[in-house]
Structure formats: C-alpha cells, structure tokens
Protein chains: 2
Amino acid sequence: MDIQLKRGILDVCVLAAIKSKDSYGYRIIKDLKPYIELSESTLYTILKRLETAKMLTVHTVEHDGRLRKYYHITGEGIKRIEDFKEEWKEIMLIYKFVAKEDDTNE
Amino acid sequence: MDIQLKRGILDVCVLAAIKSKDSYGYRIIKDLKPYIELSESTLYTILKRLETAKMLTVHTVEHDGRLRKYYHITGEGIKRIEDFKEEWKEIMLIYKFVAKEDDTNE
DNA sequence: ATAGAATACATCATATCACGAGGTATTGTA
DNA sequence: TACAATACCTCGTGATATGATGTATTCTAT
C-alpha cells in the first residue's frame, strides 16, 4: 500500500482500534493487521501524537511482570473519528472524479 | 480538508485532470477546484514529480503571446490511475473498519 | 491612462509524518 | 540454549503539501 495514501487515515485507524475497549501498542498492531499494516515505530509515533492532541489518555498496567500501557479514547478522539467520516464524503467525491475520468474518454 | 488526507490522491487527481485532454497548470487548478483545492506551488511540484516519473510529458505552446506548458498523460500515467483504483479497494476496507468501530459499541 | 485583477509560470524554506534501524527487557518455546 | 514472541522506545531520513515570494503579460474597471 502506498505510504501517502495511508496518511490521514492511520491516526483514525488507531483511534478506531481503541474505541470499543482500551488497548495497548502491541495489541493494536495485531488488531489492525488484517486491515492495514503499520510498524511499531509508526504506531508509537502516532500514539504519542494522539496523546499530545488529547485524543487519548494512557494508564500503565502491570501484566505478567511486564508493563503495558493501555490507551483510552477521549471525547476529542471520538470527535476526530466523526470529523473524519464527514471529510470522507469529500474524499469520495474526489475519488468519483478520478474514477469517472478514468472510464470515459470524451 | 485535512492535508494528510489529500496526500496520495493529489497526484492521481492531476493525472485524471489531464487524462481526457492535455491541459496546463492554471487550467488544471481551475478544473480541480470543485473537487479539491490546491495551490500553484503544490501543483507545479506535483507536475514536476509526475514528469520525472514519466507519467506525463510536456510541450510548450505560445498562446496570445504567453507561454503555456501543456501536459500530456503517458501510458505509465494511465497505469498509475488504474493502480490507484486497485489500492482504493483496500482503502475502502479500512474505512469500513473505522466506520464500523464508530457505530457499534460492544 | 492607470491601477489592479487575472493569467501563467517558477523556486525555496518549512513543517508534518511514516518508517527502517536500532535499542532494552522479559517470557515462552523448540 | 538459542530464538521467537511480547512489549516498550528513540533517532535519522525521505517524501511532500504549502505559504511566501518572484517574474511577466493581458484584460478590465475607474
């Protein structure tokens, strides 16, 4: 998948992955794998960014002697997903323009 | 519109804008305006990139004493659009994941 | 006549961001 | 006893959209 095409959707994917229940880095990557692949370096960059933007909160939990940082979505995070869905309508119009121009030759 | 969301689609928009008939910078911006807004600096950067990638060719034409650089799509340019449409199927699956996670709460 | 908008091109510096490479540490498995 | 899996993190790099800025001509309204 083209890197550029992933931009703008990756943030929202991560938010979507933690929306129904809190999750942690390693698990998020595995959960998203069927849909979109992202490396650990990418994910932790995104998580940090989303935390700074107050779209999620973090709480560390000890699990089997190892530390896990659980991420919890905030109201702003949920709003981000909703805004994204609105913007998606515009994106679909653009896509239709591209697809139409590709089919017809006048 | 979110900048990041435009990445990966802008190139293809420009290609789509010149696909049915050759066009030039200023005209491309006007033609795309109803769908997506891009500045001149952005467009000329993209045009240069697409030319380097051999997805389009350029021929300069004098028009009313002014120079116009007409851009013509190549086979590789057309292939780029087709590849994009294939990648779009993946993007739609990702979008559905995001939208689904946004609707249901289990 | 003349100022300003429109047409038409271009470059440069900047900020954002995905990712590979590399690092630390523990637990499970072959 | 090595290696994979789990689980976290940082840094440098490359790609790229954009504002600011510049050049030059033609059209239009005052």
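Quick summary incoming for the structure in this document. (Residues numbered from 1 in each chain as written. Chains lettered and ligands numbered in written order. Predicted model: local features only at pLDDT ≥ 70, side-chain atom pairs only at ≥ 80, totals over all residues. Heavy atoms only, no water.)

### Quick word on the sheet that holds strand β1 (residues 23-24) of chain B
Residues and elements named next belong to chain B.
- Taken together, three strands build an open sheet; the order of strands is β1-β3-β2 and the sheet is antiparallel. Only two strands of the sheet have a single neighbouring strand rather than two, namely β1 and β2 (56-63).
- Where helix α2 (residues 10-19) meets the sheet, its contacts fall on β1, β2 and β3 (66-73), and the angle it forms with β3 comes to roughly 100 degrees.
- This element, helix α4 (residues 40-52), spans β2 and β3 of the sheet and lies at about 125 degrees to β2. (Pairing = 2+ DSSP bridges. Helix = DSSP H or I, 4+ residues; strand = E, 2+ residues; numbered from the N terminus. Contact = heavy atoms within 4.5 Å. Axes fitted to C-alpha atoms, helices over the stretch in contact; angles between N-to-C directions.)

### Points about the sheet that holds strand β2 (residues 56-63) of chain A
All names here are of chain A.
- Taken in spatial order, the three strands of this open sheet run β1-β3-β2, and their pairing is antiparallel. Looking at which strands have only one partner, the edges of the open sheet turn out to be β1 (23-24) and β2.
- The pairing of β1 with strand β3 (residues 66-73) spans two bridges and is classified as antiparallel. Considered in β3, the bridge of serine 23 is made with tyrosine 71.
- Across the sheet, helix α2 (residues 10-19) is in contact with β1, β2 and β3; its angle to β3 comes to roughly 100 degrees.

### Details of the protein's contact with DNA strand D
- A:Glu40, A:Arg68, A:Lys69, B:Arg7 and B:Arg49 are the nearest of the 26 residues found near DNA strand D.
- Take the atoms of DNA strand D that sit within 4 Å of the protein: sugar and phosphate atoms are 66% of them.
- In this structure, A:Lys30 approaches DNA strand D through a side-chain N or O atom, which is 3.0 Å from a phosphate oxygen.
- Residue A:Arg68 places a side-chain N or O atom 2.7 Å away from a phosphate oxygen belonging to DNA strand D. (Near = heavy atom within 4 Å. Polar contact = N/O pair within 3.5 Å; in protein donor to acceptor, adjacent residues only side chain to side chain.)

### Some remarks on the protein's contact with DNA strand C
- In the vicinity of DNA strand C there are 26 residues, among which A:Arg7, A:Arg49, B:Glu40, B:Arg68 and B:Lys69 approach most closely.
- Counting only the atoms of DNA strand C that lie within 4 Å of the protein, the sugar and phosphate share comes to 68%.
- In this structure, a base oxygen belonging to DNA strand C sits 2.9 Å away from a side-chain N or O atom of B:Arg66.
- A distance of 2.6 Å separates a phosphate oxygen of DNA strand C from a polar side-chain atom of B:Arg68.
- Those elements that provide at least two residues to the surface near DNA strand C are α1 (3-6) and α4 (40-52) of chain A together with α3 (25-32), α4 and β3 of chain B.
- Residue classes in the surface near DNA strand C are distributed as eight nonpolar, seven polar and 11 charged. (Nonpolar A, V, L, I, M, F, W, Y, C, P; charged D, E, K, R; others polar.)

### Here we look at the relation of the copies chain A and chain B
- Relative to chain B, chain A is turned by 180 degrees and slid 0.0 Å along the rotation axis, the superposed coordinates differing by an RMSD of 0.0 Å. Look at the turn and shift together and you get a two-fold axis relating the two. Among all C-alpha atoms of chain A, that of A:Arg7 lies closest to the rotation axis, at 3.4 Å.
- Both copies present the same face, since 100% of the interface residues in chain A are matched by interface residues at the equivalent positions in chain B. (Least-squares fit on C-alpha atoms with pLDDT ≥ 70 in both.)

### Side note on the interface of chain A and chain B
- Each side of the interface is counted separately: chain A has 38 residues, and chain B has 38 residues.
- Buried surface at the junction of chain A and chain B, summed over both partners, amounts to about 3,900 Å²; 64% is from carbon and sulfur atoms.
- For the pair chain A and chain B, the number of links is zero salt bridges.
- Inspection of the region where chain A meets chain B yields four residue pairs in polar contact (both at pLDDT 80 or more).
- For the side of chain A that touches chain B, the elements supplying multiple residues, two or more each, are α1, α2 and α5 (75-103) of chain A. (Buried area = accessible area lost by both parts, 1.4 Å probe. Salt bridge = Lys/Arg side-chain N within 4 Å of Asp/Glu carboxyl O.)

### Notes on the packing of aromatic side chains
- The final tally for this structure, using the stated rule, is 11 aromatic pairs over all chains.
- Each ring, one from A:Phe84 and one from A:Trp88, has its centre 5.5 Å from the other, and the planes form 35 degrees; the classification is tilted. In this pair, A:Phe84 and A:Trp88 both sit in helix α5, four residues apart, roughly one turn of the helix. Per residue, the accessibility class of A:Phe84 equals that of A:Trp88, and both read buried.
- Centre to centre, the rings of A:Tyr95 and B:Phe84 are 6.1 Å apart; their planes meet at 40 degrees, and the pair counts as tilted. Remark: B:Phe84 occurs in helix α5 (residues 75-103) and A:Tyr95 occurs in helix α5; the pair is interchain, linking two chains.
- Among the aromatic residues, those joined into a ring-pair cluster are A:Phe84, A:Trp88, A:Tyr95, B:Phe84, B:Trp88 and B:Tyr95. (Phe/Tyr/Trp six-rings, centres within 6.5 Å; stacked < 30°, edge-to-face > 60°. Buried < 20%, exposed > 50% of the residue type's maximum accessible area, 1.4 Å probe, protein only.)

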